[in-house]
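So you can see what is in the structure, the chains are spelled out below.
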Amino acid sequence: MLSACGNIGNKKFYDGSGGIQGVTLQPNGTVASFTSVQVINFPNLKTESDKDGRFVLNKIPAGRREILMHNKKGLGIRMSVWVVNNRLTLLSNSQSTLLPTATVTGRVTAAPRLNYKGIRVSVAGFELSTYTHSNSGDFVLPQLPAGCHTIFFETPLFKRAQKENVCVVPSDKHQLKH
């Protein structure tokens, strides 16, 4: 006999919106003030923790959501959270403890004799981006949370290209060629 508790097939879990709240912490357990908190793939759903590391983010569409937290000290975390209609989900300290992030460096190449300076390099789903800073196409993309990401390369003159499954671990310095 198979039984289940709750309304697993019910749209109720995906209707409406809810929120998350928590306190961002550094790896040593101290408060991580002024940390950016955003919902991946929803660029307008973002906030910053206060001086005590506290944050609240409301009006998040209900369902499983990816949350990105990162600060200017090179710490960050990407996590999956269930957002429930009309509820405020409290993240535990272990969920909101920031870890060292990775840096992706690389070189964009294409047709010969092309100036590669100014090509936008971005990460799918959230607001981490940079531009190639030399004519040879070199770029540095800092503060990338651990995990696998899709990196986009774009310029107004050419079709957008992407590199999928760029996987990094904390404190990694990942070299990428595209």
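Heads up: the structure comes first, above all this text.
Since the structure is predicted, the reported quantities are computational estimates derived from the model, not experimental observations.

**Notes on the pattern of salt bridges**
Proximity of charged atoms lets side chains of opposite charge pair with each other. Within this structure, the stated rule accounts for six salt bridges. Across the pair Asp 52 and Arg 54 runs a salt bridge whose closest N-O atoms are separated by 3.4 Å. With its nearest N and O atoms 3.1 Å apart, the salt bridge here joins Glu 154 to Arg 120. Of this pair, Glu 154 sits in strand 13 (residues 147-155) while Arg 120 sits in strand 10 (residues 120-123), and the two are 34 residues apart along the sequence. For Glu 154, a relative accessible area of 25% corresponds to the partly exposed category.

**Looking at the state of the cysteines**
Counted under the stated rule, the structure contains one disulfide. The disulfide bridge from Cys 148 ends at Cys 167, spanning 2.0 Å between sulfur atoms. Sign of the S-S torsion, about 105° for the bond between Cys 148 and Cys 167, identifies this disulfide as right-handed. Here the residue Cys 148 occupies a position in strand 13, and Cys 167 occupies one in strand 14 (residues 158-168), the gap between them amounting to 19 residues.

Calculation rules
- All residue numbers refer to position in the chain's written sequence, counted from 1.
- It should be noted that, the model being predicted, local features are given only for residues of pLDDT at least 70 and side-chain atom pairs only at 80 or more, the latter also being counted only at that level, while totals for whole chains, interfaces and linings use all residues.
- To obtain the side-chain values, all non-hydrogen atoms of the structure were included, while hydrogens and water were left out.
- One speaks of a salt bridge when a side-chain nitrogen belonging to Lys or Arg is within 4 Å of a carboxyl oxygen belonging to Asp or Glu.
- Only DSSP runs of H or I covering at least 4 residues are called helices, and only runs of E covering at least 2 are called strands; the numbering of each starts at the N terminus.
- Buried residues are those whose accessible area, probed at 1.4 Å on protein chains only, stays under 20% of the maximum for their type, while exposed residues exceed 50% and partly exposed ones sit between those limits.
- Note on terminology: pairs of cysteine sulfur atoms within 2.5 Å are recorded as disulfides.

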